[in-house]
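Structural characterization, general
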Amino acid sequence: MKDLVARGRYPHQRLLSRWRDEDERAVQKAMQATGVDNLWAEPVDTLSGGQRQRVWIAMVLAQQTPLVLMDEPTTWLDITHQIELLELLQHLNEDHGHTLAVVLHDLNQACRYATHLIAMRDGKIVACGHPRDIVTVELIEQVYDLRCMIIEDPVAHTPLIIPLGSR
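In short, a report on the structure. (Residues numbered from 1 in each chain as written. Predicted model: local features only at pLDDT ≥ 70, side-chain atom pairs only at ≥ 80, totals over all residues. Heavy atoms only, no water.)

1. What to know about the overall build of the chain
For clarity, the cut-off: Only DSSP runs of H or I with at least four residues qualify as helices, and only runs of E with at least two residues qualify as strands; both kinds are numbered from the N terminus onward. Per-residue accessibility, obtained with a 1.4 Å probe over protein chains only, is compared with the maximum for each type, and a residue is labelled buried under 20%, exposed over 50%, and partly exposed between these values. Contacts were defined at the residue level, with two residues in contact if any of their heavy atoms lie within 4.5 Å. When charges are tallied, Lys and Arg are placed among the positive residues and Asp and Glu among the negative ones, while His and the ends of the chain are skipped. By convention, the point assigned to a charge is CZ for Arg, NZ for Lys, CD for Glu and CG for Asp.
Secondary structure summary: the chain contains seven helices and six strands in total. The N-to-C order of helical and strand elements in the chain reads α-α-α-β-α-β-α-β-β-α-α-β-β. C-alpha atoms of the chain, sized along the principal axes, occupy 60 × 30 × 25 Å. Every one of the 167 residues in the chain was classed for burial, and the buried ones make up 35%. Taking the intrachain contacts of the chain between residues at least 6 apart in sequence as the baseline, contacts between residues at least 24 apart amount to 46%. Each charge class in the chain was averaged separately, 16 positive and 23 negative side chains, and the resulting centres sit 7 Å apart.

Set out below in C-alpha cells:
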C-alpha cells in the first residue's frame, strides 16, 4: 500500500533521481492525514473499499497539490464508509487547509459537508454559494424536477432535502 501512496511523488521525481527524505516525509504525512499509516505493509487488494479510498486520497496528498478534484468518491461505499470519507475530507479542508472540489450526487451529504455548492443543469450553473443560501425547494425543482420539502438538519443545521416524489 505504501508503494501506491509513494506514486504521488512521481511528479516531483527527476530522471534517475533518488528517493529523498522530503519524499518520505510527504508520504508519511499523507498516510497519517488519511489514517492509513497503520496499513503501510498491506497489499491494496486486501483493503476494504473505504480503506482503498483513503489510500487513493493519501496518494493525491503525497503529491502536495494545492487543489484536489474528486468525482463521486463515495460511490460503491456503504453508508458508514461514506460518512467516514466525507468527515476525512472535511478534516483535510478545515484542519490542513486543502482545497477540495468534489462531485456528489447525494444532495443531503453535499449540503452537510460542503462549504460551497455549485448546482448545475444541462451543463450550466444554476446557483452557487453556501448550502444555506442556495438550497431551496425552487432550486431542487428547477435542477432535478423533484418536488420536495426542506427542513433543517438537526445535527449539522444545514438544509435537509425530503423528496416528495417526481412531478
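2. As for the pairing of strand 2 (residues 99-103)
One face of the sheet, then the other: side chains in a regular strand alternate in exactly this way. Note the threshold: Strands are treated as partners if at least two bridges between them are detected by DSSP.
When strand 1 (residues 67-71) meets strand 2, the two strands line up parallel, connected through five bridges. For Val68, the partnering residue across the bridge sits in strand 2 and is Leu100.

Any functional reading would require information that these geometric values do not contain.
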